[in-house]
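# Observations on the model geometry
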Amino acid sequence: MHRERRGAQSTTSARPVALFVLGFGRSGTSALARVLSLCGAAVPTGLLGATNDNPRGFWEPRVAIHLNESILRSQRSSAYDLSLRAPDGSVRPEKKDVWIRKITRFFSGLPAAPLVVVKEPKITALTGLWFEAARLAGFDVAAVIAMRHPAESTASIEERASRQNYVQSSPELGSAWWLKYTLLAERDTRGVPRVFVEYANLLEDWRREVKRISTALEIDLEARDDYAIDEFLSPNLRHHRHCGPVIEPFGADWLSAVYGELGAAARDEPWDQSVLDRVFDEYTVSERGFRTALENSNRYVKLNRLMLPSLVKLGLEVLALAHRRKGTWS
């Protein structure tokens, strides 16, 4: 049984560090990125600014958003895809080189600083490309993985969807997205200096969490603006609170198992990586099976839409005539 503790990896070279904020996009990734920037980490220019969905800003570069959308579309994938298939793992070598060169140019244009924070939720599904490009650009790689109770994350998605008339969400959909991005964030950062931070813990005591990040990754976060962080992390940032048990919408223990283990990791307690492996494998098999069934079902549904009741009735009568209305056709 594998157990991981804080500080198993560290960033000790003189190279600048690209600190990736990873995890599901409704788990406090924006808050984490901003706090890290207020602790001395440089941020890219050309950020996605504040919107009605996030009035305090997203703190993610627009260039990274465009790059990730282009990469995912080139692989016939999307940020909203529920599959655990890794789009970056299926990129043709020649195309992979193109994307890595483009991402490397992004890193080459970052501010000259010993620590740069990079956050864009879709990177969680494309870490292979981004980590390789960062290293080629002269950076060491480290990760802060955002965690949040799945019920709070899904409630946040549903609230956002309710403000947008052209989309709908559900606890089932939000839970599947939470599983995908949380599982990928953990699995694809193995071997990379990393630390898990729960959103509720960050809001409760950000100084404790910043110290945890600094200690686990061996990075300097002392150049901080305490007043600005206190003002930014106001209590009303947490719109959804859930203290009860994790609700399982898929007839398995997937959410509670993942949240239980990574919640322990966010408290610096021993946790079992094999539990994550088990859920990853079970989710992969189930998702693949249901995806195939739904794709095939949709073909039948589309065909069925063409079969109007009047046409069905006419077709049945034609068949009856073809059988001269004999036997059971009478």
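Up top you'll find the structure we're talking about.
Not measured: the values here are computed from a predicted model.

It is worth spelling out the packing of aromatic side chains at this point. A complete count under the given rule lists 11 aromatic pairs for this structure. Ring geometry for Phe106 versus Trp130: centroids 5.5 Å apart, planes at 75 degrees, classification edge-to-face. Of this pair, Phe106 sits in helix α3 (residues 93-108) while Trp130 sits in helix α4 (residues 127-136); the two residues are 24 residues apart in sequence, bridging distant segments of the chain. Each member of the pair, Phe106 as well as Trp130, is classed as buried. Of note, Arg187 hangs over the ring of Phe280, and the distance from its end group to the ring centre comes to 3.9 Å.

Picture the strands of a sheet paired through backbone hydrogen bonds; they go either parallel or antiparallel. Taking strand neighbours across the sheet as the criterion, the four strands line up as β3-β2-β4-β5 in an open arrangement whose pairing is parallel. Of all the strands in the sheet, the pair left with one neighbour each is β3 (115-119) and β5 (194-198). Shown here is a sheet whose adjacent strand axes are inclined to one another by a mean of 25 degrees, direction ignored. Here helix α6 (residues 171-187) sits on the sheet and contacts β2 (17-22), β4 (140-147) and β5; the angle it forms with β4, its principal contact strand, is near 145 degrees. Against the sheet, helix α8 (residues 206-217) makes contact with β2, β4 and β5, and its axis sits at roughly 165 degrees relative to β5, the strand it touches most.

Calculation criteria
Residues numbered from 1 in each chain as written. Predicted model: local features only at pLDDT ≥ 70, side-chain atom pairs only at ≥ 80, totals over all residues. Heavy atoms only, no water. Phe/Tyr/Trp six-rings, centres within 6.5 Å; stacked < 30°, edge-to-face > 60°. Helix = DSSP H or I, 4+ residues; strand = E, 2+ residues; numbered from the N terminus. Buried < 20%, exposed > 50% of the residue type's maximum accessible area, 1.4 Å probe, protein only. Lys NZ or Arg CZ within 6 Å of the ring centre and 35° of its normal. Pairing = 2+ DSSP bridges. Axes fitted to C-alpha atoms, helices over the stretch in contact; angles between N-to-C directions. Contact = heavy atoms within 4.5 Å.

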